[in-house]
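Observations on the model geometry
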Amino acid sequence: MFCFSLTLHYLCIMRILYPIVYGLFYVVSRLPFRVLYFISDIFYVLVYRIAGYRKRVVRRNLETSFPEKDTKELRSIERGFYHFLCDYFLETVKMLTITPEEMRKRLEIRGLDAVEQCFDEGQDAAGILGHYCNWEYHSATGLRFERHTDAVIGLIYHPLRSAVMDRVFLKIREHLGGVCVPKRDILRHLITLRREGRKSLCGYISDQTPKWENIHLWLPFLNHETGVFTGGEKIMRKMNNAVFYLDMERPKRGYYVATYRLITRHPAEMEPDGITRRFFEMLEQTIRRDPRFYLWSHNRWKRTREEFDRRFQVVNGKVLPKDNPS
């Protein structure tokens, strides 16, 4: 009875709130970019100047990542980040109704010929990226394929806590042809596509903070010893994917350049964790090129190596609490 009540409550919320939230997003998404950026400038004042949204986290992240920069430069990066964060949100809402023609104007993609060459030779591909520039634009990659227009663009995602927002963002991410796959289902999804003879380019956002039990590697990243995921690399090796790093730039407001840079076509031949290490090296180079466009509001370094060593141990490849090694 309790489970039935929860299910009924969930359905009622979805039936009432989803049309309201979706309708609001839809109306906003129909506005031209110049209006959206005017709204973004207002949001910037509210979010940064008045509310100070996660300012303490942003400031700490910047100061510890760039100890060589003075306060003036750090504050300039900070302001640029908040401007971009507001732009990112409204650009993402715009994706709900943006036309393929408009997206092609605003997103230039380089290096896709190398991805299609992999497809020509019977090899699927993986794109590994971080929370830099507008990462949501990866879903539009299929618009730029020339020979493999039917290739599947897989978007691995972790469902949002809000069921309403999760459903809205699925609409946004799949509007331009991307296919959203929960991270727990990705391997099964890729195997199914291969059996069906369908080519795929799957995108892995790989710079999130793992749970304690998922930290199997620590490496240097932006002046921090950083615990990272290695699960994506394991899938790439198992599927023998060609691995590309997705580098992004923002030459001017509202326009992006994405470049697919090959890491390896032979993942099994790289040293263990080599793909993950190379990704973080390349991501750091991208961030240092222009730090404004990284997601500094994420509390990326809340888990430290010192606390990990104090509380956990690795037994037969599994992370276990020290007081319960079984």
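None of the values given here were measured: they were computed from a predicted structure.

1. Some words on the side chain of Thr 92
Within the secondary structure, Thr 92 is located in helix α4 (residues 71-94). In terms of polar contacts, Thr 92 uses its side chain to reach the backbone carbonyl oxygen of Tyr 88, at 2.8 Å. Excluding residues that lie within four positions of it along the chain, Thr 92 makes contacts with Asn 134, Glu 136, Phe 169 and Ile 172.

2. As for the side chain of Lys 94
For Lys 94, the position within the fold is in helix α4. No salt bridge is formed by the buried Lys 94, whose closest oppositely charged neighbour, Glu 102, lies at an N-O distance of 6.9 Å. What Lys 94 contacts, discounting residues up to four positions off in sequence, is Ser 29, Arg 30, Leu 31, Pro 32, Phe 33 and Leu 36.

3. Digging into unusual backbone geometry
Peptide bonds are, in most cases, trans, and in most cases residues other than glycine have a negative phi. Backbone geometry places Leu 222, a non-glycine residue, at a positive phi of 55°. You can see Leu 222 is positioned in the loop between β6 (217-221) and β7 (224-228). The class for Leu 222 is buried, based on a relative accessible area of 0%. Backbone geometry places Asp 273, a non-glycine residue, at a positive phi of 65°. In this fold, Asp 273 is placed in the loop between β9 (255-264) and α10 (274-289).

The rules behind these values
Residues numbered from 1 in each chain as written. Predicted model: local features only at pLDDT ≥ 70, side-chain atom pairs only at ≥ 80, totals over all residues. Heavy atoms only, no water. Helix = DSSP H or I, 4+ residues; strand = E, 2+ residues; numbered from the N terminus. Polar contact = N/O pair within 3.5 Å; in protein donor to acceptor, adjacent residues only side chain to side chain. Contact = heavy atoms within 4.5 Å. Buried < 20%, exposed > 50% of the residue type's maximum accessible area, 1.4 Å probe, protein only. Lys, Arg positive; Asp, Glu negative; His and termini not counted. Salt bridge = Lys/Arg side-chain N within 4 Å of Asp/Glu carboxyl O.

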